Amino acid sequence: MIEPDKLLDGARVAAEIRDEVAAEVQALAARGVTPRLDVVLVGDDPASEVYVRSKAKASAELGMRSVTHALPASTGRAELEGLVDRLNADTEVHGILVQLPLPAAIPSAAILDRIDPGKDVDGFHPVNVGLLQQGRPRLVPCTPAGIMELLAREGIDPKGRRAVVVGRSDIVGKPMAMLLLHAHATVTLCHSRTADLAAATRSAEILIVAAGRRGLIGAEHVAPGAVVVDVGMHRVTDRAVVEKLFPGDPKKMAAFEKRGAVLCGDVDTTRVAPIAGRITPVPGGVGPLTIAMLMANTVRAATLRREETP
Ligand code: NAP
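Rules used throughout
Residues numbered from 1 in each chain as written. Predicted model: local features only at pLDDT ≥ 70, side-chain atom pairs only at ≥ 80, totals over all residues. Heavy atoms only, no water. Helix = DSSP H or I, 4+ residues; strand = E, 2+ residues; numbered from the N terminus. Near = heavy atom within 4 Å. Polar contact = N/O pair within 3.5 Å; in protein donor to acceptor, adjacent residues only side chain to side chain. Areas by Shrake-Rupley, 256 points an atom, 1.4 Å probe, with all protein chains shown as cover. Domains from an automatic or database assignment. Contact = heavy atoms within 4.5 Å. Pairing = 2+ DSSP bridges. Axes fitted to C-alpha atoms, helices over the stretch in contact; angles between N-to-C directions. Salt bridge = Lys/Arg side-chain N within 4 Å of Asp/Glu carboxyl O. Buried < 20%, exposed > 50% of the residue type's maximum accessible area, 1.4 Å probe, protein only. Core = buried A, V, L, I, M, F, W, Y, C linked by side-chain atoms within 4.5 Å.

Trainee: When you look at unusual backbone geometry in this model, what are you seeing that I'm missing?
Mentor: Phi is mostly negative for residues that are not glycine, and the peptide bonds are mostly trans. Pro-101 follows Leu-100 through a cis peptide bond whose omega is 0°. Within the fold, Pro-101 resides in the loop between strand 3 (95-98) and helix 4 (108-114). Between Val-282 and Pro-283 the backbone carries a cis peptide bond, its omega angle lying at 0°. Residue placement: Pro-283 occurs in the loop between strand 10 (278-279) and helix 12 (286-308).

Written out as structure tokens, the structure is:
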């Protein structure tokens, strides 16, 4: 359990961002533009289906249009490229998101490279990655962008502080490190070959964890007073694991009894929260921010296009 004064409330900040995005959507609508997000889903991965549904729902709630293109797992590369080409050419479409992972037979990089960088609301296209690297961000990956919003709106300025990012994925870790660097933090990027992870993470005043390893970060990894942001997301269905992760937490146990599963992150929150200065919960931390920033990126793509169109 996280004490209220330590809570970094991603859900509250996400709601704030969504309100602002809804106002921007209205302003665009007054000028005859309705931002539209097209999501491409290939195959029937249940987790991907849930993500895609929540993206469509969020778009509708904010007054945006959203179209889902659900294709069978047997879809070939040429067919998917054809769809991306059509969406690139369609002036009604402002944002294109290809839900990952794609079936193994389709090279993700080739598909992501094909998306018009101006419509790349995930921020994964090499042009957008390069612009971020150069400190001229245009469309920034949603999860790290959401974490920067969280820090800013909670009054946590990375300038001059030691920030450690655990995980070096293109989706979270690398862009996170770059954003913190541009915000003038001194950044360390850790990964699975980091020799002494605990020594590195204990140096952090701001610790961002995106390793995809349940409960990886324990009390021994965190310096007193550190700001801890937990990106990890895991569904736990084993009662013994739930009891170990959340001993004496009646809320979590009740949730487990009701649903047969609970969510947890890469941080062992029960042991880390008493040490940390501020900490995000799972759920209700980074997840809602990611979706809010996807909506913000779609509006940004629509706005940039409007500004760039003669
Ligand atoms: P990923 O592509 O699997 O990357 C994981 C990274 O963590 C890799 O760089 C890996 O190192 C590193 N790592 C793995 N084990 C480690 C260890 N024991 N010590 C130090 N580093 C370790 O994962 P991702 O896409 O970045 O996602 C990370 C987590 O965030 C997942 O749980 C995912 O579900 C979650 N996520 C949540 C959201 C959200 O909105 N809440 C969004 C995106 C992702 P190597 O490079 O050396 O292999």
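Now that the structure has been shown, the text picks up again.
Trainee: Would you explain the site of the ligand in this entry?
Mentor: For the ligand, the set of nearby residues contains 21 residues, the closest of which are Arg-168, Ser-169, His-191, Ser-192 and Thr-290. Within the contact set of the ligand, an oxygen atom lies 3.3 Å away from a backbone nitrogen or oxygen of Met-233. Contact between the ligand and Thr-290: an oxygen atom at 2.8 Å from a side-chain N or O atom of the residue. In isolation the ligand has 920 Å² of accessible area, and contact with the protein removes 71% of it.

Trainee: Is there a simple way to think about the domain arrangement of the chain in this case?
Mentor: You'll often see interface size given as the accessible area lost when the parts meet. When cut into domains, the chain gives domain 1 (32-117) and domain 2 (141-287). The C-alpha centroid of domain 2 is placed 29 Å from the C-alpha centroid of domain 1.

Trainee: Would you take a moment to explain the environment of Leu-97 for this structure?
Mentor: Mapped onto the fold, Leu-97 is located in strand 3. When the C-alpha positions of Leu-97 and Leu-132 are compared, they lie 19 Å apart, and in sequence the two are 35 residues distant. Those residues in contact with Leu-97, other than ones at most four positions away along the chain, are Leu-37, Asp-38, Val-39, Val-40, Lys-55, Val-121, Asp-122 and Leu-294.

Trainee: Please explain the sheet that holds strand 2 (residues 65-71) as it appears in this structure.
Mentor: What holds strands together in a sheet is hydrogen bonding between their backbones, with the strands either parallel or antiparallel. With respect to topology, 3 strands assemble into an open sheet ordered 2-1-3, the strand pairing being parallel. At either margin of the open sheet sits one strand with a lone partner, and together these are strand 2 and strand 3. Strand after strand, the sheet turns through a mean of 15° between neighbouring axes, direction not considered. The sheet contact formed by strand 1 (residues 36-42) and strand 3 spans 4 bridges and is parallel. Bridging across to strand 3, Asp-38 finds its partner in Ile-96. Lying over the sheet, helix 3 (residues 77-89) contacts strand 1, strand 2 and strand 3, oriented at roughly 180° with respect to strand 1.

Trainee: Hey, could you run me through the pattern of salt bridges in this one?
Mentor: Between side chains of opposite charge, a pair can form as their charged atoms come close. All told, the structure shown has 17 salt bridges when counted by the stated rule. Arg-114 is the partner of Glu-81 in a salt bridge, and the nearest nitrogen-oxygen pair spans 3.7 Å. Of this pair, Glu-81 sits in helix 3 while Arg-114 sits in helix 4; the two residues are 33 residues apart in sequence, bridging distant segments of the chain. Owing to a relative accessible area of 13%, Glu-81 belongs among the buried residues under this scheme. Judged by relative accessible area, Arg-114 falls into the partly exposed class, the value being 35%. A salt bridge links Arg-278 to Glu-154; the nearest nitrogen and oxygen atoms lie 2.8 Å apart.

Trainee: Looking at this structure, I do not really get the nonpolar core. What am I missing?
Mentor: Looking at soluble globular proteins, one finds that nonpolar side chains tend to be buried together. One finds Val-21, Ile-147, Leu-151, Leu-180, Ile-208, Val-229 and Met-295 to be the most contacted residues of the largest nonpolar core, which totals 54 residues. For this core, the element with the most residues is helix 12, which contributes 11 residues. Shared between two domains, this core takes at least three residues from each, and those domains are domain 1 (32-117) and domain 2 (141-287). Ranked by size, the runner-up nonpolar core spans 17 residues in total, among them Cys-190, Ala-200, Ala-226 and Ala-276.

Trainee: Explain the side chain of Asp-268 to me, please; I cannot follow it from the model alone.
Mentor: Along the chain, Asp-268 falls in the loop between strand 9 (262-264) and helix 11 (269-272). On the basis of relative accessible area, Asp-268 is assigned to the buried category, the value being 11%. In contact with Asp-268, other than residues within four places in its own chain, are Gly-215, Ile-217, Gly-218 and Leu-245.

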